[in-house]
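Structure assessment
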Amino acid sequence: MASPDFSRAAIVACGTMSPELNHLKAEGFLNAGKIVYTTPGLHQDCPELERQLSEAVDRVKDDFDRVIVVYGGKYCYVNANNPTRTMTKVIAEMGPKVKRVQATHCMDMVASEAERDGLAGGEKVWWMTPGWVKFREQVFKGWDQGVANENFPRHTGGARVLDGIGLCEEYLNEHPEDILDYSDWMGIPLMGVPMTLDRLKALLAAALAES
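Here goes a summary of the coordinates provided. (Residues numbered from 1 in each chain as written. Predicted model: local features only at pLDDT ≥ 70, side-chain atom pairs only at ≥ 80, totals over all residues. Heavy atoms only, no water.)

**Description of the sheet that holds strand β7 (residues 190-194)**
Taken in spatial order, the three strands of this open sheet run β5-β6-β7, and their pairing is parallel. Bordering the open sheet on either side are β5 (126-128) and β7, each of which pairs with just one other strand. The average angle at which neighbouring strand axes cross in this sheet is 30 degrees, direction not considered. Here β5 pairs with strand β6 (residues 159-163) via three bridges, running parallel. Its bridge partner lying in β6, Met-128 is registered against Val-161. Docked against the sheet, helix α5 (residues 113-120) engages β5, β6 and β7, running at close to 130 degrees with respect to β6. (Pairing = 2+ DSSP bridges. Helix = DSSP H or I, 4+ residues; strand = E, 2+ residues; numbered from the N terminus. Axes fitted to C-alpha atoms, helices over the stretch in contact; angles between N-to-C directions. Contact = heavy atoms within 4.5 Å.)

Now the structure itself:
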C-alpha cells in the first residue's frame, strides 16, 4: 500500500511490537516523527502499563499533531482491580489527538481473528508475534515451569509465530538452540508462520486518519 505521511505523528507502542515497527521504519513505510516503546510484557502489570503509557504519551503529545498508540484493547489491559476501566477509557483520557490502532492484541495487528482461525485449521493454537520470541523473559516474566505446563500443552496446534519480519527463519539459522529450548519449555512445537505486515500498515494508516 502507498505510504501515508506519519512525519507529524508520534508512535507510542508496546516494546513487543518493536520488531515490526522498526522493520516498517527501515523499509520506509513508517516515517514517524518519534517512536517510543514501553517495556514488553506489561499486559501482566496493568498499573505499570498505564504509568509507562501515560508518561510516554505526555512526552510527545505537545510536539505532534497525532499520537498513535500501538496497544491492543481487549487483552492487553485487563484491570482485575477495576474491571470497568478499559484501554478505551485510558486512551480517551489522554486527549483527542491520541488514537489507538483498532486491534485486540499484538497478534490481531498482524492477522485478524478470521485469518488466525483459517491458519489454525480447527486446532487450538498459542499465537505469538516475533516479540514474544525476542523478549521471552519479559513477556513471560514470573512464569515457572508449572505455570507453563498448565497453559501450553492444551494447544494441540502448537505455538505459532505470526512472523512478518523473518525472525523465526533467522533464529532457526543462527540460534536454533533458542527455538528448541523455547519449545521444550512450552511443551509444544513452535513454528513460524510467514506473514505480510499489510494489516499492521492498514491499522496504522487508519489511526493516523481518524478524526
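**Things to note about the nonpolar core**
Membership of the largest hydrophobic core comes to 47 residues, with the highest contact counts inside it found for Val-70, Met-128, Met-186 and Leu-204. Those residues within four positions of Met-128 in sequence are excluded, and the remaining contacts are Met-107, Phe-140, Ala-159, Arg-160, Val-161, Leu-162, Tyr-182, Met-186 and Leu-190. (Core = buried A, V, L, I, M, F, W, Y, C linked by side-chain atoms within 4.5 Å. Buried < 20%, exposed > 50% of the residue type's maximum accessible area, 1.4 Å probe, protein only.)

**Notes on the environment of Asp-62**
Counting through the fold element by element, Asp-62 comes out in the loop between α2 (46-60) and β3 (66-70). It is 9.7 Å that separates the C-alpha atoms of Asp-62 and Lys-97, two residues lying 35 residues apart in sequence.

Such coordinate-based values are descriptive only and should not be taken to indicate function.
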